[in-house]
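# Examining the three-dimensional arrangement
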Amino acid sequence: MAQRGSQLDPLKFSCSICLDLLKDPLTVPCGHSYCSSCIQSHWDEEKKKGIYSCPQCRKFRQRPDLEKNLLLAELVEDLKKTGLQAAAADLCSAGPEDVSCDVCSGRKLKAVKSCLDCVVSYCEEHLQPHYKAAPLKKHQLVEPSKKLQEKICSLHDEVMKIFCRTDQQSICYLCTMDQHRGHETVPAAAERRQKQKELEESRLNIQQRIQEREKEVKLLQQQVEAINVSADEAVENSEESFTQMIRLIQKRSLEVKQELRSQQQTAVSELKELEEKLEQEISELKRKDVQLEQLAHTEDHTQFLLSYPSVSALSEPTHSSSIQTAPLRYFEDVAAAVSESRDKLQDILRDTGTNISLRDADEELLLLQPPKPPKPQPESRADFLQYSQQITLDPNSAHRRVFLSDGNRKVTRTWKQSYPDHPERFIGYPQVVSREGLTGRCYWEVEWRGIEVYVAVTYKSISRAGSECIFGLNDKSWALYCHATHFIFLHNDTETPVSDRQTSRVGVYLDHTAGILSFYSVSETMTLLHRVQTTFTQPLHAGIRFCGYIGDSAEFLKPQ
């Protein structure tokens, strides 16, 4: 029997909980066996969770009723005599990193508990009195520790079970009568409970902060994703827009080139034709001059008189009024217009490049910085002049019954003009709009003369024909009707009486972003005539409209 037992694996007869030879073995329903005390203690711990299971296979949920495995118990007792217990003991021997039993003599076994009262570490065998003797059951057992001596007072060689709150250190009971007399002292267990409570509060605070930071991290990740998506969309849209702009510019460049070449060809053909006529006339005149010279030397008076009428007769001279005597400047206006368009495009692109900002979802990032206060609205004329805008009228939009002059800054109601057809030309009513698209803050002044003039702003998308093109009678334009005796504001076919103040100079202030449009009477002071608070969805253009009085005029003044 002994020989056969010595060949068995000692681990098969060890408890998987305490790793020692089975004591009072109990077999659970799944077939695994444990020490009676080990399995009972294990299930007492799991009682808090309400779930009972095998420590190895985790089967079954309810706590079963167990009985001692008599056969296994007898086998273990018999095997103890064969040296298996010594083999099992080898498995429990203390290594260099383990806490050894302070009671074992000779070969030291691994300690399974340390007693704070005894200040001793025990192996399983030497720990048994603490489970059986009533006085020892009250001792405090902890996991094996190599630092038990740190729990002993170096002065009095007593266990330090007192905590001095005054000096914030652990002491023994003799220290309270010596160095720590009069200090605030409490049992170490009481201080532990207090610190444990603070620890739980700290953990709760930390967990809350972790949750808050995780939420913030998630928000930041969402913002990063939103920025990336928005930037990708903006890049794609801007690339598409720039591509379209390039195509439009290329198309317009080709059209201008073709138009210039066509005009060049027409002008050159006309001049060539005129040149040929002049050359023919020169040849004819030279021939006449020869004939006249010959006739002048004729001595026969009768022959002279007979020939003179036919020789002296000249053909009609070639009309040469189109010949320029001034320096030739045929297409400078076209080059100037293209140059001006280039400068405006450069300004637009420069503004586009410097005014890029993160909006919508990205605006939450701006909360990390203090918001910039909005600039105050101007009050004095000097304030308004800071936003002065030079206005030039667009000849392509001018109705055929208005005339532009003074560098397209002045417009006059007149008789029909011979303007060429253009898709942006007003054909319904005598009015005109500016070339400039107005955004941001802008200010300009209009000097008007005559009976009645409309000073207006409008979207460029306004109709060019019919009653829906009239400034002030639709939702795309705002107009101040200026009469010699009174003013009226018009928008979306709604009239608002303004003032009977007589003024010939009107100041217009626009804050496109804030949705503010104001009309002022300008003299030595600024007098508000009417203000509009709305939302503008497109760039605005300045406009002038007339009624039927020939000679009425309006001029956009240069900022001064």
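Structure's up top.
A few points on the structure. None of these values were measured; they are calculated from a predicted model. (Residues numbered from 1 in each chain as written. Predicted model: local features only at pLDDT ≥ 70, side-chain atom pairs only at ≥ 80, totals over all residues. Heavy atoms only, no water.)

### Some remarks on the pairing of strand E17 (residues 505-511)
Summarising burial for E17: six of the seven residues are buried, a large majority. As defined by bridge partners, strand E12 (residues 441-449) adjoins E17 across seven bridges and the pair is classed as antiparallel. Looking at the pairing, Glu 445 lines up with Gly 507 of E17. As defined by bridge partners, E17 adjoins strand E18 (residues 516-522) across six bridges and the pair is classed as antiparallel. Each bridged residue has a counterpart across the sheet, and for Gly 507 the counterpart in E18 is Tyr 520. (Buried < 20%, exposed > 50% of the residue type's maximum accessible area, 1.4 Å probe, protein only. Helix = DSSP H or I, 4+ residues; strand = E, 2+ residues; numbered from the N terminus. Pairing = 2+ DSSP bridges.)

### Things to note about the nonpolar core
Residues Val 411, Trp 444, Trp 478, Leu 517 and Ile 544 are the most contacted members of the largest nonpolar core, which totals 37 residues. Excluding residues within four positions of it along the chain, Trp 444 makes contact with Gln 389, Ile 391, Leu 438, Val 457, Val 506, Gly 507, Val 508, Leu 510, Ala 542 and Phe 556. Residues Phe 13, Cys 18, Leu 21 and Leu 22 belong to the second largest nonpolar core, which totals 16 residues. (Core = buried A, V, L, I, M, F, W, Y, C linked by side-chain atoms within 4.5 Å. Contact = heavy atoms within 4.5 Å.)

### Describing helix H5 (residues 124-132)
For H5, the set of buried residues is Glu 124, Leu 127 and His 130. Relative to the axis of H5, the buried residues are bounded by an arc of 90° and lie together on one face. Opposite the buried face of H5, by more than 90 degrees, sit the exposed residues Glu 125 and Lys 132. Of the surrounding elements, those touching the buried residues of H5 are strand E3 (113-115), strand E4 (120-122), helix H6 (134-137) and strand E5 (141-142). (Arc of directions from axis to C-beta.)

### Notes on the pattern of salt bridges
Pairing between side chains of opposite charge can happen when the charged atoms of each approach one another. One pass over the structure, following the stated rule, counts 18 salt bridges. Measuring nitrogen to oxygen at the nearest pair gives 2.7 Å for the salt bridge that ties Glu 191 to Arg 165. Taken together, the residues Glu 191 in helix H7 (residues 188-296) and Arg 165 in the loop between strand E6 (162-164) and strand E7 (169-171) connect sequence positions 26 residues apart. For Arg 165, a relative accessible area of 28% puts it in the partly exposed group. Its salt-bridge partner being Glu 273, residue Lys 277 comes within 3.8 Å of it at the nearest N-O pair. Of this pair, Lys 277 and Glu 273 both sit in helix H7, four residues apart, roughly one helical turn. Three or more residues joined by partner-sharing salt bridges are found here, namely Arg 165, Glu 184, Glu 191, Lys 195 and Glu 198. (Salt bridge = Lys/Arg side-chain N within 4 Å of Asp/Glu carboxyl O.)

### Observations regarding the environment of Leu 305
Tracing the chain through its elements places Leu 305 in helix H8 (residues 301-312). Overall, Leu 305 belongs to the exposed group, its relative accessible area being 61%. Separated by 10 residues in the primary sequence, Leu 305 and Leu 295 place their C-alpha atoms 9.5 Å from one another.

### Regarding unusual backbone geometry
With phi around 55°, Asp 157 is a residue other than glycine that occupies positive phi space. If you trace the backbone, Asp 157 turns up in the loop between E5 and E6. The phi dihedral of Asn 492 is positive, around 55°, even though this residue is not glycine. When you line up the elements, Asn 492 lands in the loop between strand E15 (487-491) and strand E16 (494-499). Look at Asn 492 and you get partly exposed, because its relative accessible area is 43%.

### Looking at the environment of Tyr 173
Among the secondary structure elements, Tyr 173 is positioned in the loop between E7 and strand E8 (185-187). Taking C-alpha positions, Tyr 173 is 9.7 Å from Thr 185, a pair spaced 12 residues apart along the chain. Non-local contacts of Tyr 173, meaning those with residues more than four positions away in its chain, are made with Glu 158 and Ile 162.

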